[in-house]
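Survey of secondary and tertiary structure
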Amino acid sequence: VLYVEIVRGTPLLVQILILFYVVANAFGMENRYFVGVLALSLFAGAYLAEMIRSGIDSIRGSQLESARAIGLTRGQTYRYVIFPQLVRQLVPPLTGQFASIIKDSSLLSIIAVSEFTLNAQEVNAFTYSTLESYLPLALGYLLLTLPISLLSRLLERRFHFAT
């Protein structure tokens, strides 16, 4: 709970800076890519944990009682009763979170991780053509997140059933 609240209560940019300049520096870690992936993983993990927790909590107790009444084991209850409902509820927020993480990776440019945003900033610094630097950046992120949105719609249709 403490981890989830701390991560969700602080900005990702601040987390990246603290993780790189304080924590990684204290351990002698200089690999910016590793620290960037770690920062994004910790950030996404907190949000995903909260999504899954709330998804499980949203399933009514009567569902569990019904499963117990027909003799399902705890594993069978999760497999046949809880998980199908959970997947249906979690597809939209999970795909949104994955798309958000792709876009949040742009914040890694602050610790000089060579990615889309840092490259666009470098082009802009050399050419002073802001629109020509950042328009392809926006299109690149759109091309990365569009398939996730399409996959989300397919999964929503596949797991749609009457409740």
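Residues numbered from 1 in each chain as written. Predicted model: local features only at pLDDT ≥ 70, side-chain atom pairs only at ≥ 80, totals over all residues. Heavy atoms only, no water.

1. Digging into the overall build of the protein chain
Regarding its fold elements, the protein chain presents seven helices and zero strands. For the protein chain, the α and β elements follow one another from N to C terminus as α-α-α-α-α-α-α. Seen through its C-alpha atoms, the protein chain measures out along the principal axes to roughly 70 × 40 × 20 Å. Taken over 163 residues, the protein chain has a buried fraction of 33%. Sequence separation of 24 or more characterises 71% of the internal contacts of the protein chain that already satisfy a separation of 6 or more. By element, 66% of the accessible surface of the protein chain is carried by carbon and sulfur atoms, the whole surface being about 10,700 Å². (Helix = DSSP H or I, 4+ residues; strand = E, 2+ residues; numbered from the N terminus. Buried < 20%, exposed > 50% of the residue type's maximum accessible area, 1.4 Å probe, protein only. Contact = heavy atoms within 4.5 Å. Areas by Shrake-Rupley, 256 points an atom, 1.4 Å probe, with all protein chains shown as cover.)

2. A look at the packing of aromatic side chains
What describes a pair of aromatic rings is the distance from one ring centre to the other and the angle between the planes of the rings. Applying the stated criterion to the full structure yields two aromatic pairs. Ring plane angle 80° and centroid distance 4.9 Å describe the contact between Phe 20 and Tyr 21, whose orientation is recorded as edge-to-face. Considering the side-chain rings of Phe 43 and Tyr 47, the 4.9 Å spacing of their centres and the 50° angle between planes classify their relative orientation as tilted. With Phe 43 and Tyr 47 both in helix α3 (residues 32–57), this residue pair falls four residues apart, about one helical turn. Taking the relative accessible area as the measure of exposure, Phe 43 reaches 8% and is therefore buried. The exposure class of Tyr 47 is partly exposed, given its relative accessible area of 23%. (Phe/Tyr/Trp six-rings, centres within 6.5 Å; stacked < 30°, edge-to-face > 60°.)

3. Regarding α3
Compared with the 38 Å implied by 1.5 Å per residue over 26 residues, the 37 Å span of α3 between its first and last C-alpha is a close match. When we look at burial in α3, the residues that qualify are Val 35, Gly 36, Ala 39, Leu 40, Phe 43, Ala 44, Ala 46, Leu 48, Glu 50, Met 51 and Gly 55. Considering only its buried residues, α3 is in contact with α1 (2–9), α2 (12–26) and α5 (74–104). (Expected span 1.5 Å × (residues − 1).)

4. Here's the deal with the environment of Thr 73
Its place among the elements puts Thr 73 in the loop between α4 (61–69) and α5. Spatially, the C-alpha atoms of Thr 73 and Ile 18 are 45 Å apart, while their sequence positions differ by 55 residues.

5. Overview of the nonpolar core
Of all hydrophobic cores here, the largest spans 16 residues; its most connected members are Leu 12, Ile 16, Val 35, Phe 43, Leu 108 and Ile 111. Broken down by secondary-structure element, the contributors of at least two residues to this core are α2 and α3. Of all the elements, α3 adds the most residues to this core, at six residues. With sequence-adjacent residues up to four places away left out, Ile 111 is seen in contact with Ile 16, Leu 17, Phe 20, Tyr 21, Arg 32 and Gly 36. (Core = buried A, V, L, I, M, F, W, Y, C linked by side-chain atoms within 4.5 Å.)

Just geometry here; none of it tells us what the structure is for.
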